[in-house]
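A look at the structure
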Amino acid sequence: MSSPAINQATSGLSAPALMAATRAETTKFFGLRSLTGLFLAGFVATIALSWVLGISAKASGDNGFDTAMPAPLLAFATLQFGQLFFAAASALHITNEYSSGTIASSLQAVPRRGVFLGAKALLLFIVNFLAGAVMILLATIPTALSAGEYGTFSFPDMVSAALGAGTYLALLSLMVLGLGLLCRNSAGTIVCAIMLVIGLPQILQLIPIEWIQEVIQYLPTNAATFMATGASEPYGPLVALMVLIAWSVALLGAGCISLKRRDA
């Protein structure tokens, strides 16, 4: 990472500053084997689970159960587990700097904290969007083969699932980035992310109160499902996208306030 280059950029227009900082963040992200390893594990786990889910759908269908579902949506369903790898990578991208103490050096290289945060957010958004979209496209192939006639799908099904997965993982990475800035601890951030996408929905389902059951529908994981499947109930894809954006803005905004008000 070239500190003089970034400092020079930050003294000018914000766009060049952001691009310079993003290049530095890209180098840091892909230079850590733990982060690229988590992404690779997420790919392998999602594709493998998609293939297994296709086998299960075919076996259930052959036994008279109605398990037919487009293969891309079967692949998307595995994100319930696969998302954890990408969330962990997003968390470590910021919390590693706090645990190692390099956050001070990073903020010296990019003294404008808004630029620093914007660079991390931009990188995570792009990388996770591409990962989600490509992953579903790749996972659709083995899923369709293993599910047979129970995984028949159309091109719009594949596009919807791929864009839905990419958008969800991209916005989830911003939520986790915000949590990382609030927690400043890898374990705490990952636990909070798991609670948000898995734990909270499971816990709230156990509470037989109507308004709580309504709230569950607006948690990130459920909103992502409504967006990718094009469901119209309880709300459509556009509202689902707005819900995910609201979660991202709220958590990343809180993280931004924490970054600006607390010492490194």
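- The name given to the protein in an unreviewed UniProt entry is ABC transporter, with Glutamicibacter nicotianae as the source organism.

Let's talk about the packing of helix H5 (residues 79–100) against helix H8 (residues 155–183)
- Where H5 meets H8, the axes come as close as 9 Å, and the angle between the chain directions of the two elements is 40 degrees. Judged by the twist between their axes, the crossing of H5 over H8 is right-handed. Of H8, the residues touching H5 (which contributes Leu 79, Gln 83, Phe 86, Ala 87, Ser 90, Ala 91, Ile 94, Thr 95 and Tyr 98) are Ala 165, Tyr 168, Leu 169, Leu 172, Ser 173, Val 176, Leu 177, Gly 180 and Leu 181.

Overview of the UniProt feature "transmembrane region" (unreviewed entry) in the protein
- Within this structure's numbering, the places UniProt gives as "transmembrane region" (unreviewed entry) are residues 35–53, 73–94, 115–141, 161–183, 190–209 and 235–259.
- Here residues 115–141 runs as 100% helix and 0% strand, with 40 Å between its end C-alpha atoms.
- Secondary structure over residues 190–209 splits into 75% helix and 0% strand, and the C-alpha atoms at its two ends are 29 Å apart.

Looking at the packing of aromatic side chains
- Enumeration according to the criterion identifies seven aromatic pairs in this entry.
- Between the aromatic rings of Phe 81 and Phe 85, the centroid separation amounts to 5.5 Å while the plane-to-plane angle is 85 degrees, which identifies the pairing as edge-to-face. Of this pair, Phe 81 and Phe 85 are both found in helix H5, four residues apart, which corresponds to roughly one turn of the helix.
- Classification of Phe 81 by relative accessible area gives partly exposed; the value is 41%.
- Considering the side-chain rings of Phe 226 and Tyr 235, the 5.0 Å spacing of their centres and the 85 degrees angle between planes classify their relative orientation as edge-to-face. Across the pair, Tyr 235 and Phe 226 agree in class, each one buried.
- Here a set of aromatic residues connected by ring pairs shows up, and it is made of Phe 29, Phe 30, Phe 39, Phe 43 and Phe 86.

Describing a nonpolar patch on the surface
- A surface patch of nonpolar side chains, amounting to about 370 Å² of accessible area, comprises Leu 238, Met 242, Ile 245 and Val 249.
- With respect to the element layout, Leu 238 can be found in helix H12 (residues 237–261).
- Residue Leu 238 is classed as exposed on the basis of its relative accessible area, which comes to 60%.

Quick look at the side chain of Thr 167
- Relative to the assigned elements, Thr 167 resides in helix H8.
- Beyond its immediate sequence surroundings of up to four residues, Thr 167 is in contact with Phe 129, Met 227 and Leu 241.

So, how was this worked out
- Residues numbered from 1 in each chain as written.
- Predicted model: local features only at pLDDT ≥ 70, side-chain atom pairs only at ≥ 80, totals over all residues.
- Heavy atoms only, no water.
- Axes fitted to C-alpha atoms, helices over the stretch in contact; angles between N-to-C directions.
- Helix = DSSP H or I, 4+ residues; strand = E, 2+ residues; numbered from the N terminus.
- Left-handed = near helix turned anticlockwise from the far one by under 90°.
- Contact = heavy atoms within 4.5 Å.
- UniProt positions renumbered as here; feature names shortened; annotations may be inferred.
- Phe/Tyr/Trp six-rings, centres within 6.5 Å; stacked < 30°, edge-to-face > 60°.
- Buried < 20%, exposed > 50% of the residue type's maximum accessible area, 1.4 Å probe, protein only.
- Patch = residues over 30% accessible without salt bridge, like charges linked within 9 Å, V, L, I, M, F, W, Y side chains within 5 Å.
- Areas by Shrake-Rupley, 256 points an atom, 1.4 Å probe, with all protein chains shown as cover.
- Salt bridge = Lys/Arg side-chain N within 4 Å of Asp/Glu carboxyl O.

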